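Structural overview for review
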Amino acid sequence: MGVKFKSPIVVEPDAFTWFDVELPDPGPYEVLFRNRACLICGSDLHVYKGLHPFAPLPACCGHEVAADVVAVGSKVASLQIGDRVYVAGTGAGPIPCGHCRNCVRGNPRQCLNPHVPTSFEVGGRRVARFPSGYGEYTIGHEGYAYKIPDNVSYFEAAVTTDMAYVIGVVQRSGATIGDTAVILGAGPIGLRTLEAARLAGISQLIVSEPVDYRRAMAKELGADAVVNPREEDAVDRVMKLTDGAGVDVVYDTAGAGQATKQGLAMLKTKIGGAGTLCLMGLYERPDLTFNASDLMRKAGKIVAEWGIATNRRKNVEDALMLMGQGRLHVLKWITHKLPERRADEAMRMLIEKKDGAIGVEIIH
Ligand SMILES: [Zn+2]
Ligand SMILES: [Zn+2]
């Protein structure tokens, strides 16, 4: 039986094409989700432009999804029809079986019987990340779904993927009470990092961001200082703000070589300063050059991590818990909610950084 609907797919760069697609009934451990809200992630913009390093076209966009459970497989024990859930990793790859020896040892990526519940081809090429959050339905293993606290809306829950991601990176960065930090970029990843870093106890948070309205949002969310790197030397400014010391941690969400170079220069300047640079933006041009001697002299450390790889269960649960407790203020930067048919408009708004767009969600 399954469901039939139209799904937007990027076949050629810079436009969606809608295709008639069908999803099967869920297998024993699988769940069919009706999507309600899907946050447009920076990585979706790379897909849309045909520049995503791990999702060649044709591909779907949309992996940050809040949904309703509309059908469950015969062996699903943790969810019921009607549950409100956050769905991790839509269409991102084969579903682990959950009961082979690698799965039960907590290593589902090495699953011995991975199952692909569905796939879709365009022009003989398999569509990457199908099905996704921009279409009306997705399907996945029950282990990919997390119940949303009653007081958390679909719009909030849709930011969970990368909220969990930034929580993981902030933890790996070793940031702790009294530390200082710079965040490069105040887009959806940068703003989530700002809130996670604050919760980790960072005492001085400086945000560098060229777009005026995004800098204003960083300020509203509690940045101690904001810098416009187009109008002033961001490294100089950070040195002034830290009395020449530099910062303990730089969270680089910009994904641009120039920003990364600046980030390295902002790290604790003394010999053995031991600052940490976290690479969090997807690079469209990933070949970087930097001064390795300077990094060694400062005993600096680089933490590099690509979002989806670290969607660890605890980080997701913590993100949902923190939203339920009102400790995160993600709704402040959800600036637009657009229906699926306006998906192209939504993408352009973000690529061109216009209309005050920061967090844009596709809603169903
Ligand atoms: Zn994302
Ligand atoms: Zn398995």
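Please read these numbers as outputs of a predicted model, since none were measured by experiment.

Parameters at a glance
Residues numbered from 1 in each chain as written. Chains lettered and ligands numbered in written order. Predicted model: local features only at pLDDT ≥ 70, side-chain atom pairs only at ≥ 80, totals over all residues. Heavy atoms only, no water. Pairing = 2+ DSSP bridges. Helix = DSSP H or I, 4+ residues; strand = E, 2+ residues; numbered from the N terminus. Axes fitted to C-alpha atoms, helices over the stretch in contact; angles between N-to-C directions. Contact = heavy atoms within 4.5 Å. Salt bridge = Lys/Arg side-chain N within 4 Å of Asp/Glu carboxyl O. Buried < 20%, exposed > 50% of the residue type's maximum accessible area, 1.4 Å probe, protein only. Parallel < 35°, antiparallel > 145°, perpendicular 65-115°, else oblique. Left-handed = near helix turned anticlockwise from the far one by under 90°. Nonpolar A, V, L, I, M, F, W, Y, C, P; charged D, E, K, R; others polar. Expected span 1.5 Å × (residues − 1). Core = buried A, V, L, I, M, F, W, Y, C linked by side-chain atoms within 4.5 Å. Domains from an automatic or database assignment. Buried area = accessible area lost by both parts, 1.4 Å probe. Donors = N, O, S within 2.8 Å, 3.2 Å for Na, K, Ca; no water. Tetrahedral: all angles 85-135°; square planar, octahedral: opposite > 155°, others 65-115°.

**Observations concerning the sheet that holds strand β12 (residues 225–227)**
- Spatial ordering of the open sheet is given by β12-β11-β10-β13-β14-β15, a layout of 6 strands whose pairing is parallel. Single-partner strands in this sheet number two, and they are β12 and β15 (301–304). Within the sheet, the average angular offset between the axes of one strand and its neighbour, ignoring direction, is 15°.
- Bridging between strand β11 (residues 204–208) and β12 involves 3 bridges; their strand directions are parallel. Across the sheet, S208 pairs through a bridge with V227, a residue of β12.
- Contacting β10 (180–184), β11 and β13 (249–252), helix α5 (residues 188–200) runs over the sheet at an angle of about 175° to β11.

**Description of the pattern of salt bridges**
- Using the criterion set out here, one finds 18 salt bridges in the structure.
- Residue D68 pairs with R36 through a salt bridge whose shortest N-O separation is 2.7 Å. Highlighted residues: D68 in strand β4 (residues 64–72) and R36 in strand β3 (residues 30–39), separated in sequence by 32 residues.
- Under the relative-accessibility criterion, D68 is labelled buried at 14%.
- Residue R36 is classed as partly exposed on the basis of its relative accessible area, which comes to 27%.

**Here we look at the packing of helix α4 (residues 160–173) against α5**
- Where α4 meets α5, the closest approach of the two axes is 9 Å, and the angle between their N-to-C directions is 50°. Overall, the two elements α4 and α5 adopt an arrangement that is oblique. Taken as a pair, α4 and α5 cross one another with a handedness that is right-handed. Of the residues in α5, those touching α4 at D162, M163, Y165, V166, I167 and V170 are I189, R192, T193, A196, A197 and A200.
- In the contact of α4 with α5, the residues fall into 9 nonpolar, 1 polar and 2 charged.

**With respect to the environment of V169**
- Structurally, the position occupied by V169 is in helix α4.
- Taking relative accessible area as the criterion, V169 reaches 1% and is therefore assigned buried.
- Linking V169 and P94, residues 75 residues apart in sequence, is a C-alpha distance of 25 Å.
- Non-local contacts of V169, meaning those with residues more than four positions away in its chain, are made with Y251, C278, M280 and E305.

**As for unusual backbone geometry**
- The residue after L57, namely P58, is reached through a cis peptide bond having omega 0°.
- Tracing the backbone shows P58 in the loop between α1 (42–48) and β4.
- Residue F130 is joined to P131 through a cis peptide bond whose omega torsion reads -10°.
- Topologically, P131 is positioned in the loop between β7 (125–126) and β8 (137–141).
- Positive phi, close to 65°, is recorded for R129, a residue that is not glycine.

**Things to note about α4**
- With 14 residues, α4 ought to run about 20 Å at 1.5 Å a step, and its terminal C-alpha atoms sit 20 Å apart, in line with that.
- Within the span of α4, buried status applies to T160, T161, D162, M163, A164, Y165, V166, I167, G168, V169, V170 and S173.
- Taken from the residues just after α4, G174 is the one with a positive phi, measuring 75°.

**Structural notes on the nonpolar core**
- M163, L191, L194, Y251, M280, M323 and W333 are the most contacted members of the largest nonpolar core, which totals 50 residues.
- Ranked by the residues each element gives to this core, the list is headed by α4, at 7 residues.
- In terms of domain composition, this core takes at least three residues from each of domain 1 (3–147 + 329–363) and domain 2 (164–306).
- Setting aside chain neighbours within four positions, we find M323 in contact with V152, E156, A157, V159, T160, L328 and V330.
- Counting 31 residues, the second largest nonpolar core, distinct from the first, contains V31, C38, L79 and L338.

**Observations concerning the domain arrangement of the chain**
- Looking at the chain, the domain boundaries give domain 1 (3–147 + 329–363) and domain 2 (164–306).
- On a C-alpha basis, the centroid separation for the pair domain 1 and domain 2 is 30 Å.
- Across the boundary between the two partners, domain 1 contributes 20 residues, which contact 15 residues of domain 2.
- Where domain 1 abuts domain 2, roughly 1600 Å² becomes buried across the two surfaces, and 65% of that area is made up of carbon and sulfur atoms.
- Looking only at domain 1, the three residues that lose the most surface to domain 2 are W333, K353 and I358, adding up to 37% of its buried area.
- If you look at where domain 1 meets domain 2, you find 3 salt bridges.

**Concerning the coordination of the zinc ion (ligand 1)**
- Within the protein, the zinc ion (ligand 1) binds to C41 (SG), H63 (NE2), E64 (OE) and D162 (OD); these donor distances fall in the range 2.1 to 2.4 Å.
- Geometry at the zinc ion (ligand 1) is irregular, judged from the 4 donor atoms that bind it and their angles of 63 to 161° at the metal.
- All donors to the zinc ion (ligand 1) come from one chain, and their sequence spacing reads C-x21-H-E-x97-D. With C41 in the loop between β3 and α1 and H63 in the loop between α1 and β4, the pair connects residues that are 22 residues apart, well separated along the chain. When sorted by exposure, C41 lands in the same class as H63, which is buried.

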